[in-house]
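# Inside the fold
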Amino acid sequence: MGKNNSKKRNIKKSEKKELKEPTVASEQKTEDTTATDDVEITEEKPKQLAQEKITPVDEEEGACEEVDVDNEKMDDKDDDEESDEEDEEAAPAVPTTISDGRYRNRVRLLTLCSRGASSRQRHLLSDLRALLPHSRAEHKLDVGRRGSDSLSSALREVADVRGCDSVLYIEGRRRGKDGYLHLGVVPHGPSVRFALLNAHTMDELRMTGNCLKGSRPVLTFCSSFGGGAAGPPAQPFLGLLRSMFVRAFGTPRGHPKSKPFVDRTMSFSYADGKIWVRNYQIVRDAAADSNSLVEIGPRFVLDPIRIFSGVFAGQTLYRNPKYVSQNVQRRAQQGNTKVDRFVRRRAAKEGRKARMDAIEAPEDLLGDVFH
């Protein structure tokens, strides 16, 4: 038994050497055959040799290559797997499932105003709440004159208590003459401050357009905001404002208070350095097979002032160099500067003197009677 095992081992070693070393000239072949004549070949060797295939190369090269069929099959399988993986990487990802309409994007918007806001500003806020079913109302906020840090901390605290991740805050100053709209993302920002101009409510406009309460809007932006086929925005800060408007005014799909269809659109247009916001109803004309827009309201204009990295505080990311405060504009219109007051006072004095000189006393007919 020991001799037979040793013989089998010698046979296997010789077979491995033959597979590793390529066959060369005929002289080497004769030497190999003479060396293996002394070894007894068992029945296993023909079976192993039958599984092997030797393909000779051209005689001019004077050598041949030994190719293992099993190795070739494994290499082919590996190549096929690699090609399949490359095809999968190159092919675009196609969604295999369709949205089921469930409430997944749980965005909540906190809406509130400051103490001292005018009636028009409060009615504008109520109109926005009616159009945004994902908004949550809060009472008036009074931070006094403690600065922007107290406003930031107060808004973050209220938003945290109400479970909101965005804030829309309308601030009224100078007894409601000046209005400001703050829009921010809680708790880390960014946030933006606008001057609220030319605000008109739905009751004031009395437009003929109408929409279902809680319907989801289509948000449309002019080419200046960029995105999609429009390419990059005209100015970098407009791209940031676009994403903040989508987050605040876009009703998430599947919200419990929203309706599962779309019948209105909100447009945001950038012109003269300001953002013009309008709300329209989408009217379908089946006879003409076309759509038309009818304004619903409200309408307002936003003049960007400053963009902060935090919640209404922190580092300034953008500042509008062309912005002029509303108080300065009123002073320019009314002319309440010291120079204008001096000019008006001097002109009034000269005019009074000229009028006195122009007055002529009538002749007294009875002036000489009592002398």
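Check the entry above for the structure.
Residues numbered from 1 in each chain as written. Predicted model: local features only at pLDDT ≥ 70, side-chain atom pairs only at ≥ 80, totals over all residues. Heavy atoms only, no water.

## Let's talk about a positive patch on the surface
There is a patch of like positive charges on the surface, built from Lys338, Arg341, Arg344 and Arg345. On the secondary structure map, lysine 338 appears in helix 10 (residues 338–358). You can call lysine 338 exposed: its relative accessible area is 67%. (Patch = residues over 30% accessible without salt bridge, like charges linked within 9 Å, V, L, I, M, F, W, Y side chains within 5 Å. Areas by Shrake-Rupley, 256 points an atom, 1.4 Å probe, with all protein chains shown as cover. Salt bridge = Lys/Arg side-chain N within 4 Å of Asp/Glu carboxyl O. Lys, Arg positive; Asp, Glu negative; His and termini not counted. Charge placed at Lys NZ, Arg CZ, Asp CG, Glu CD. Helix = DSSP H or I, 4+ residues; strand = E, 2+ residues; numbered from the N terminus. Buried < 20%, exposed > 50% of the residue type's maximum accessible area, 1.4 Å probe, protein only.)

## Some thoughts on the pattern of salt bridges
Within this structure, the stated rule accounts for 10 salt bridges. Here arginine 120 and glutamate 204 are joined by a salt bridge, their closest N and O atoms 3.2 Å apart. On the criterion of sequence distance, the pair formed by arginine 120 in helix 5 (residues 119–131) and glutamate 204 in helix 7 (residues 202–205) is long-range, its members being 84 residues apart. Residue classification places arginine 120 among the partly exposed residues on the basis of a relative accessible area of 40%. The partner of aspartate 289 in a salt bridge is arginine 284, with the nearest N and O atoms 2.5 Å apart. Under the relative-accessibility criterion, aspartate 289 is labelled exposed at 54%. A relative accessible area of 51% means that arginine 284 is categorised as exposed. The network of salt bridges with shared partners includes Arg174, Asp178 and Arg330.

## Side note on the packing of aromatic side chains
Evaluated as defined, the whole model comprises eight aromatic pairs. A centroid spacing of 5.0 Å and a plane angle of 15° characterise the contact between phenylalanine 221 and phenylalanine 268, whose relative ring orientation is stacked. Of this pair, phenylalanine 221 sits in strand 8 (residues 215–221) while phenylalanine 268 sits in strand 9 (residues 259–271), and the two are 47 residues apart along the sequence. With respect to burial, phenylalanine 221 and phenylalanine 268 carry one shared label: buried. When the ring of phenylalanine 237 is compared with that of tyrosine 270, the centres are 6.4 Å apart and the planes differ by 75°; the resulting orientation is edge-to-face. Here phenylalanine 237, found in helix 8 (residues 236–249), pairs with tyrosine 270, found in strand 9; they are 33 residues apart in sequence, far enough to count as distant. Taken together, Phe194, Phe221, Phe225, Phe245, Phe249 and Phe268 form an aromatic cluster joined through their ring pairs. A cation sits over an aromatic face here: arginine 193 above tyrosine 180, 4.5 Å from the ring centre. (Phe/Tyr/Trp six-rings, centres within 6.5 Å; stacked < 30°, edge-to-face > 60°. Lys NZ or Arg CZ within 6 Å of the ring centre and 35° of its normal.)

## Looking at the nonpolar core
When a protein is soluble and globular, its nonpolar side chains tend to lie buried together. One finds Leu168, Leu241, Phe245, Phe249, Phe268, Ile275 and Leu302 to be the most contacted residues of the largest nonpolar core, which totals 32 residues. Among the elements that take part in this core, helix 8 stands out by supplying seven residues, more than any other. The residues touching phenylalanine 249, leaving out its near neighbours within four places in the chain, are Leu128, Leu132, His134, Leu168, Pro217, Leu219, Met266 and Phe268. Counting 15 residues, the second-largest nonpolar core is a separate cluster that includes Leu112, Ala159, Tyr169 and Phe312. (Core = buried A, V, L, I, M, F, W, Y, C linked by side-chain atoms within 4.5 Å. Contact = heavy atoms within 4.5 Å.)

## A closer look at unusual backbone geometry
With an omega of 10°, the peptide bond between valine 186 and proline 187 qualifies as cis. The topology assignment puts proline 187 in the loop between strand 6 (178–185) and strand 7 (191–200). Here the amide bond leading from glycine 189 into proline 190 is cis, since omega sits at 5°, within 30 degrees of zero. Of note, proline 190 is situated in the loop between strand 6 and strand 7. Its identity is not glycine, yet aspartate 289 carries a phi of approximately 55°, on the positive side. With respect to the secondary-structure elements, aspartate 289 resides in the loop between strand 10 (274–285) and strand 11 (290–295).

## Some points on the side chain of histidine 182
Within the secondary structure, histidine 182 sits in strand 6. Among the polar contacts made by the side chain of histidine 182, one reaches the side chain of glutamate 171 at a distance of 2.9 Å. When residues no more than four places from it in sequence are discounted, the contact partners of histidine 182 are Val167, Leu168, Tyr169, Glu171, Val192, Arg193 and Phe312. (Polar contact = N/O pair within 3.5 Å; in protein donor to acceptor, adjacent residues only side chain to side chain.)

## Quick notes on the side chain of glutamine 121
Considering the arrangement of structural elements, one finds glutamine 121 in helix 5. The exposure class assigned to glutamine 121 is buried, which follows from its relative accessible area of 7%. Ignoring any residue separated from it by four or fewer positions in sequence, one finds glutamine 121 in contact with Ile170, Glu171, Gly172, Gly176, Asp178 and Gly179.

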